[in-house]
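Structural characterization, general
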Amino acid sequence: MTTYAALLRGINVGGVRKLPMADLRALITGLGHDGVRTHLQSGQAVFSAGHGDEDSLADELSRAVEDRFGFGVDVIVRDHAYLAAVVEACPFPAERLEPRQLHVTYLSAPADPDRLAWIDQEARLPEEFRVGDRCLYVYAPEGLGRSRLAVELSRPRVTQGLIATGRNWNTVLKLVEMTRE
């Protein structure tokens, strides 16, 4: 059995695409997975699976949500080793920053540097981003809600053909803790 975190994009935000966490837990359990837990209301679930890989589990969960709740949702599934490696590789001094200042945008595939080359990082300082393993690290000193850089990183020219879903540093750390076997 491997323990995974499922990151559902854009649920329970602004009163749209509501998916109660109790229903999500029941759905994942119904798919035959064990130890299902959720974190917050914004689309994080942890579960153990004895079959499949990250992509097939994400597809399975995405289809199940659409079948059960009637709306599509993008899902990224990652195991503990990956989540822990993301924390270890953080290029910013996470221990000295407020968690609201540091975010990870998880990507369904590696970031293509050509898609990011148009962003003038100097013009966005003190905001910054760095490319990681299927993720982007985003430092936004005033928080993501006020970040112009975050808007640029979410544009289709960056994310087209990818699933991209962001989490603040507290959630990043919590998912590592929750998936620890």
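Note that this is a predicted model, so its numbers are computed, not measured.

Locating Phe71 in the fold gives a position in the loop between α2 (54–69) and β4 (75–79). Residues Phe71 and Leu19, spaced 52 residues apart in sequence, show a C-alpha to C-alpha distance of 9.9 Å. With near-sequence residues (within four places) excluded, Phe71 lies in contact with Ile11, Arg17, Lys18, Leu19, Val65 and Glu66.

Before going further, it helps to spend a moment on the packing of helix α3 (residues 80–88) against helix α8 (residues 169–179). For any two helices packed against each other, the geometry comes down to the angle between their axes and how far apart the axes lie. The interhelical angle for the contact between α3 and α8, taken along N-to-C directions, is 140°, at an axis separation of 9 Å. Accordingly, the angle class assigned to the pair α3 and α8 is oblique. By crossing handedness, the relation of α3 to α8 is classed as left-handed. Two secondary-structure elements touch here, α3 through His80, Leu83, Ala84 and Val87 and α8 through Trp169, Val172, Leu173, Leu175, Val176 and Thr179. Residues belonging to the contact of α3 with α8 are distributed by class as follows: eight nonpolar, two polar and no charged.

This part is about the pattern of salt bridges. A complete count under the given rule lists seven salt bridges for this structure. For the salt bridge of Glu152 with Arg124, the shortest nitrogen-to-oxygen distance reads 2.7 Å. A residue pair is termed long-range when its members are at least 10 positions apart, and Glu152 in helix α6 (residues 148–153) and Arg124 in helix α5 (residues 121–124) qualify at 28 residues. Since its relative accessible area comes to 9%, Glu152 is described here as buried. A relative accessible area of 18% means that Arg124 is categorised as buried. Each member of the salt-bridge network shares a partner with another, and the members are Glu54, Arg78, Asp133 and Arg134.

Each aromatic ring pair is summarised here by two numbers: the centre-to-centre distance and the angle between the ring planes. This structure, assessed with the given rule, holds four aromatic pairs. Arranged with centres 6.3 Å apart and planes meeting at 35°, the rings of Phe69 and Phe71 form a pair that is tilted. Owing to a relative accessible area of 15%, Phe71 belongs among the buried residues under this scheme. Relative to Tyr106, the ring of Tyr82 has its centre 6.4 Å away and its plane inclined at 55°; by these criteria the two rings are tilted. Residue Tyr82 is located in helix α3, and its partner Tyr106 is located in strand β5 (residues 102–107); the two are separated by 24 residues in the primary sequence. For the pair formed by Tyr82 and Tyr106, the shared burial category is buried. Over the face of the ring belonging to Phe69 we find Arg68, whose NZ or CZ atom lies 4.8 Å from the ring centre. Over the ring of Tyr82 we find Arg78; its NZ or CZ atom is 5.3 Å from the centre of that ring.

Estimated volume of the largest pocket: approximately 770 Å³. Taken together, 31 residues form the lining of the largest pocket, with Leu144, Ala164, Thr165, Gly166 and Arg167 sitting closest to its centre. For the lining of the largest pocket, the secondary structure elements donating two or more residues are β5, α4 (113–116), β7 (135–139), α6, α7 (156–159) and β8 (164–168). Looking at which element gives the most residues to the lining of the largest pocket, the answer is β8, with five residues.

This next bit is on the pairing of β7. Across the five residues that make up β7, a large majority, five, are buried. Where burial is concerned, the two faces of β7 agree: the one with Cys135, Tyr137 and Tyr139 and the one with Leu136 and Val138 are both buried. Of the strand pairs in this sheet, β5 and β7 are connected by five bridges, and their pairing is antiparallel. For His103, the partnering residue across the bridge sits in β7 and is Val138.

About the cut-offs
- Residues numbered from 1 in each chain as written.
- Predicted model: local features only at pLDDT ≥ 70, side-chain atom pairs only at ≥ 80, totals over all residues.
- Heavy atoms only, no water.
- Helix = DSSP H or I, 4+ residues; strand = E, 2+ residues; numbered from the N terminus.
- Contact = heavy atoms within 4.5 Å.
- Axes fitted to C-alpha atoms, helices over the stretch in contact; angles between N-to-C directions.
- Parallel < 35°, antiparallel > 145°, perpendicular 65-115°, else oblique.
- Left-handed = near helix turned anticlockwise from the far one by under 90°.
- Nonpolar A, V, L, I, M, F, W, Y, C, P; charged D, E, K, R; others polar.
- Salt bridge = Lys/Arg side-chain N within 4 Å of Asp/Glu carboxyl O.
- Buried < 20%, exposed > 50% of the residue type's maximum accessible area, 1.4 Å probe, protein only.
- Phe/Tyr/Trp six-rings, centres within 6.5 Å; stacked < 30°, edge-to-face > 60°.
- Lys NZ or Arg CZ within 6 Å of the ring centre and 35° of its normal.
- 1 Å grid on protein atoms, 1.4 Å probe; cavity = no way out; pocket = protein on both sides within 12 Å on 5 of 7 lines; lining within 4 Å.
- Points joined across faces, edges and corners; volume = space filled by probe spheres on them.
- Pairing = 2+ DSSP bridges.

Function cannot be read off these values alone, since they describe shape.
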